[in-house]
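Listed below are the residues making up each chain.
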Amino acid sequence: MDIQQILYARLHNQFLLQPASPEHVTKALCGIQAQFFSHARHALRIRCGEMEAESLSGMVKNWTLRGTMHLFHQADLPLFLAGCGQLYRKNEWTEKSWWNQRPDWALTPRKQQYLAEILLDNLAKGSMTREEMKAVCRGRGMEEREEQSFFDPWGGGIREMCERGFMHYLPQEEKVFALSPIIQPMEKEEAELELARRYFTHYGPSTVHDAMYFFHAPAKKVNSWLEKLPLTAFSCNGSVYFGMEDHLPQPGAIPPCLFLAGFDPLMLGYEKKENPFLPPIYRPKV
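Anyway, here's the lowdown on the structure attached to this text. (Residues numbered from 1 in each chain as written. Predicted model: local features only at pLDDT ≥ 70, side-chain atom pairs only at ≥ 80, totals over all residues. Heavy atoms only, no water.)

1. Looking at the pairing of strand β3 (residues 69-73)
For β3, the buried fraction is high: five of the five residues fall into the buried class. Side chains of β3 alternate between two faces, with M69, L71 and H73 and H70 and F72 buried alike. Sheet analysis places strand β1 (residues 32-33) next to β3, joined by two bridges and oriented antiparallel. By the bridge assignment for β3, Q33 is matched with H70. Here strand β2 (residues 59-63) runs beside β3; their pairing, made up of five bridges, is antiparallel. Across the sheet, V60 pairs through a bridge with F72, a residue of β3. What sits between the antiparallel neighbours β2 and β3 is a turn of five residues, in which R66 has the positive phi angle 60 degrees. (Buried < 20%, exposed > 50% of the residue type's maximum accessible area, 1.4 Å probe, protein only. Helix = DSSP H or I, 4+ residues; strand = E, 2+ residues; numbered from the N terminus. Pairing = 2+ DSSP bridges.)

Okay, here's the thing in structure tokens:
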């Protein structure tokens, strides 16, 4: 394959040349980055065609890959919650975390457990906005410094509850939370391999550096996935690319223009300096 064939294959595998359903697209692409929900909707629209409101039925938002917010199908909760392990739905906060080791963290483990219990009791009655959750916690004794920790703009205690499978965001622009269904998280190694399979199938052809960038994973980890997956390898311009053989299409015409979304998978899926969609002359401005 030459570089033009690689570009065409990536467009094809990311559904930018022929549409698919939102459920299929989000599963195949390991979710769609969604800290700005309008970007996520556009990323789906250019891959799925016109979408009705019900197209997002069954979708959720939560923190997943690279520690960022993603839109994905609820059926993938076992996949994306694999990393929480024994902490799944555990409302006990004595373990050290990135959050409670910060010098400005104001919550004791007992107070964090208390506030989590309050929110879970209220969410059992229906979804709640972030502001409604704050109001409920304030009414039950949450102090200002505790609020700054529990509702930290980057996640805080709310994020920890999401990452342990208690709740998730609803698939909309406004920050609204709902209880997550009880599931059985996948084993971590099994989940990592499944995500790698999806990556090399639908982001491929890709290099080891691309996968390292996408997953924030070391080369040793990526190479262990390569050994277990039925991938085809080939060289182009001095780099080795990997892809699923049945997802390496015949050459075709590349559209002259595609209006991508902000944080689009076609940009986030690859190491920036090696992405042939980003010529060096334009890269600093992208």
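So that's the structure; there's more coming.
2. Details of the nonpolar core
In terms of nonpolar packing, the biggest core is built from 53 residues, with L44, L71, Y199, F200 and F215 touching the most fellow members. Aside from chain neighbours lying at most four places away, what touches F200 is S206, T207, A211, V222, L226, L229, L231, F242, G243 and M244. (Core = buried A, V, L, I, M, F, W, Y, C linked by side-chain atoms within 4.5 Å. Contact = heavy atoms within 4.5 Å.)

3. Section: empty space enclosed by the protein
The full count for this structure, using the stated rule, is one cavity of 30 Å³ or more. Within this model, the largest cavity holds a volume of roughly 70 Å³. If you go around the largest cavity, you meet 15 residues; those closest to its centre are G31, R66, Y203, F214 and P265. Looking at the lining of the largest cavity, the elements with two or more residues in it are β1 and α12 (265-268). Broken down by class, the residue content of the lining of the largest cavity amounts to nine nonpolar, four polar and two charged. (1 Å grid on protein atoms, 1.4 Å probe; cavity = no way out; pocket = protein on both sides within 12 Å on 5 of 7 lines; lining within 4 Å. Points joined across faces, edges and corners; volume = space filled by probe spheres on them. Nonpolar A, V, L, I, M, F, W, Y, C, P; charged D, E, K, R; others polar.)

4. Looking at the packing of aromatic side chains
Applying the stated criterion across every chain, the model contains 17 aromatic pairs. Relative to F151, the ring of F150 lies with its centre 5.3 Å away and its plane at 85 degrees, an arrangement referred to as edge-to-face. For F150, a relative accessible area of 0% corresponds to the buried category. Look at F151 and you get buried, because its relative accessible area is 4%. Considering the side-chain rings of Y199 and F200, the 5.1 Å spacing of their centres and the 85 degrees angle between planes classify their relative orientation as edge-to-face. A single burial state applies to Y199 and to F200, both of which are buried. Connected via pairs of aromatic rings, a cluster forms that spans Y199, F200, Y203, F214, F215, W225, F242 and Y270. One residue, R10, lies across the ring of Y270, its end atom 3.7 Å from the ring centre. Between the NZ or CZ atom of K61 and the centre of the ring of Y169, over which it lies, the distance is 5.2 Å. (Phe/Tyr/Trp six-rings, centres within 6.5 Å; stacked < 30°, edge-to-face > 60°. Lys NZ or Arg CZ within 6 Å of the ring centre and 35° of its normal.)

5. As for the layout of surface pockets
By volume, the largest pocket is sized at about 950 Å³. Residue lining of the largest pocket: 33 residues in total, with T64, F80, G83, C84 and E163 positioned closest to the centre. With four residues, the top contributor of residues to the lining of the largest pocket is helix α9 (residues 188-202). In the lining of the largest pocket, the residues fall into 17 nonpolar, six polar and ten charged. Within this model, the second largest pocket holds a volume of roughly 380 Å³. Every element with two or more residues in the lining of the second largest pocket is listed here: β2 and α8 (156-163). Looking at the lining of the second largest pocket residue by residue, the classes come out as eight nonpolar, four polar and six charged.

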